[in-house]
Amino acid sequence: MRLRPLVMAVAVTSALVVTPAQAAPAGRVLGYVANNGGGVSVIDTATNAVSTTIADGGGSSPYMAAVAFDGTRGYVTNSVQNTLTVIDTPTNTVDKSIPVGTQPAGVAVAPGGGFVYVTNYLGGTVSVVDTATLTVTATVAVGSNADGVVVTKDGSAVYVTHDLPGPGKVSVIDTTSNTVVASIGVGNAATAIAASADGKRMYVVNKGSDSVSAIDVASRTVVGTASVGFTPHGIALTPNGTRAYVTNSEFDSVSVVDLTTMTELQKIFVGDRPISVALTPDGASAYVTNFNSNSVSIIDTASNAVTSTIAVGQRPVGIAINFVPPATSKLVGGSAQLQLRLLGFTVRSLDATLTDKHTGAPVAGQQVVFRTVKGNPLCTATTNSSGKATCDAQVSLLVGLSTLLQGFTASYAGNNEHGGASSHGHIALL
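Worth saying up front: this structure is predicted, and the values here are computed from it rather than measured.

Novice: I'd love a proper account of the side chain of Thr-91, names of residues and values included.
Specialist: Tracing the backbone shows Thr-91 in the loop between strand S7 (83–88) and strand S8 (93–99). Assessed through its relative accessible area of 18%, Thr-91 is described here as buried. At a separation of 2.4 Å, a polar atom in the side chain of Thr-91 contacts the side chain of Asp-88. At 2.8 Å, the side chain of Thr-91 forms a polar contact with the side chain of Thr-93.

Here it is, written out as structure tokens:
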């Protein structure tokens, strides 16, 4: 989506590591808010609080945000730096900044996550980014003011809106040839676009016509139009495809649209100048960025009432919400010393170090369980600021010297932020 010109976008050893036996933790549903004033605010939807703010690798003006379908990468356009910031979402760290076209605006990820498509507003092009190499592999000329973008469910085509005065259009790119193969007339100043879950419809926000156009994907024709509020900007669809939530930037509201009848059901008042909207995967909540309020409004979609407001960064614009799996952990077991006692053994300085596999950063405050290779419990310790857990164990003679000399197993069960891990360590006689 493109902000109106008067507020132009100033737009994120030896130890053997084995797979833990227990099921992986559930992960988190996170919201990524691209702040026009810089940085990406990450909202944990379980608590509705900002858990971190991601510095976007020199991109001080993020514009839109999208998250790959597998949840492990986020992509944010920086409209002043002409770059695309790549975020590792399990760790919420910046992996790379990729040069794209002039004033990038919209971004969409292909099904399967193999390619990312970036609209370059002033360049009149779409950059095609290969996610395996994180490089631009093609640039497609589409015409002036390329803005919103979405990929069809089968990945065969990309739909691009054009934020132009007067009658608008949507360009259709064939992803095999990376050429424009069709142009569909819609309302004035087309901005945001969203695809239905079944892949049969595209819904286009017409900023200059105060309306939403429904496009039939099979025939590439407009099959319905719904009137909404004044100067609409963003759109999100419920997972069941029955309703759309459309932000009205000059009416400080969100229109709820029945997609079967293409009629507006009601308006929900939110913050000052709402721009974008995204729904949680279960469709229970809609999150709306309020550009002038520096906030996000949360709408309960059952009651269609605002239930909470979250302070984020300056001038929030784009938002994307997705399930994010736990980050991969690495646990490295160390060496311990075995001391014989009259009625048993003492195993001193059992240790293991827990780190994030992607970043190498220590993971502190997590419980590590130590056992013999046959599963006999030894001791439990909590990782310190360096990610290291250390403890001593008093062991019965029944465990046996030969078992202890085979070493120990350290295991971390994992949580929603970091997955479980285990490793082997050594025990030697003093």
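Novice: Break down the state of the cysteines for me, citing the residues and quoting the values.
Specialist: As used here, a disulfide is simply a covalent bond connecting the sulfur atoms of two cysteines. Enumeration over the complete set of coordinates arrives at one disulfide. Across a sulfur-sulfur distance of 2.0 Å, Cys-379 and Cys-391 are joined as a disulfide pair. Because the torsion about its S-S bond is 70°, the bridge between Cys-379 and Cys-391 counts as right-handed. Linking Cys-379 in strand S34 (residues 377–382) with Cys-391 in strand S35 (residues 388–396), this pair joins segments that are twelve residues apart in sequence. For Cys-379, a relative accessible area of 12% puts it in the buried group.

Novice: Residue-level account of the packing of aromatic side chains, with values.
Specialist: Under the defined criterion, the tally for this structure stands at two aromatic pairs. Ring plane angle 45° and centroid distance 5.8 Å describe the contact between Phe-251 and Phe-269, whose orientation is recorded as tilted. Linking Phe-251 in the loop between strand S22 (243–248) and strand S23 (253–258) with Phe-269 in strand S24 (residues 263–269), this pair joins segments that are 18 residues apart in sequence. Judged by relative accessible area, which is 54%, Phe-269 ranks as exposed. Arg-273 extends its terminal NZ or CZ atom over the ring of Phe-291, reaching a point 5.1 Å from the ring centre.

Novice: I'd like a rundown of the domain arrangement of the chain, residues and numbers included.
Specialist: As a measure of interface size, the accessible area lost when the parts come together is often cited. For the chain, the assigned domains are domain 1 (28–324) and domain 2 (329–429). Centre-to-centre separation of domain 1 and domain 2, based on C-alpha positions: 46 Å. Counting from both sides, the interface comprises six residues of domain 1 and, opposite them, five residues of domain 2. Between domain 1 and domain 2, the buried area comes to about 420 Å², and carbon and sulfur atoms account for 52% of it. The interface formed by domain 1 and domain 2 includes zero salt bridges. Where domain 1 touches domain 2, the interface holds one residue pair in polar contact (both at pLDDT 80 or more). Across the side of domain 1 that touches domain 2, the residue classes break down as one nonpolar, two polar and three charged.

The rules behind each value
Residues numbered from 1 in each chain as written. Predicted model: local features only at pLDDT ≥ 70, side-chain atom pairs only at ≥ 80, totals over all residues. Heavy atoms only, no water. Helix = DSSP H or I, 4+ residues; strand = E, 2+ residues; numbered from the N terminus. Buried < 20%, exposed > 50% of the residue type's maximum accessible area, 1.4 Å probe, protein only. Polar contact = N/O pair within 3.5 Å; in protein donor to acceptor, adjacent residues only side chain to side chain. Disulfide = S-S within 2.5 Å. Phe/Tyr/Trp six-rings, centres within 6.5 Å; stacked < 30°, edge-to-face > 60°. Lys NZ or Arg CZ within 6 Å of the ring centre and 35° of its normal. Domains from an automatic or database assignment. Contact = heavy atoms within 4.5 Å. Buried area = accessible area lost by both parts, 1.4 Å probe. Salt bridge = Lys/Arg side-chain N within 4 Å of Asp/Glu carboxyl O. Nonpolar A, V, L, I, M, F, W, Y, C, P; charged D, E, K, R; others polar.

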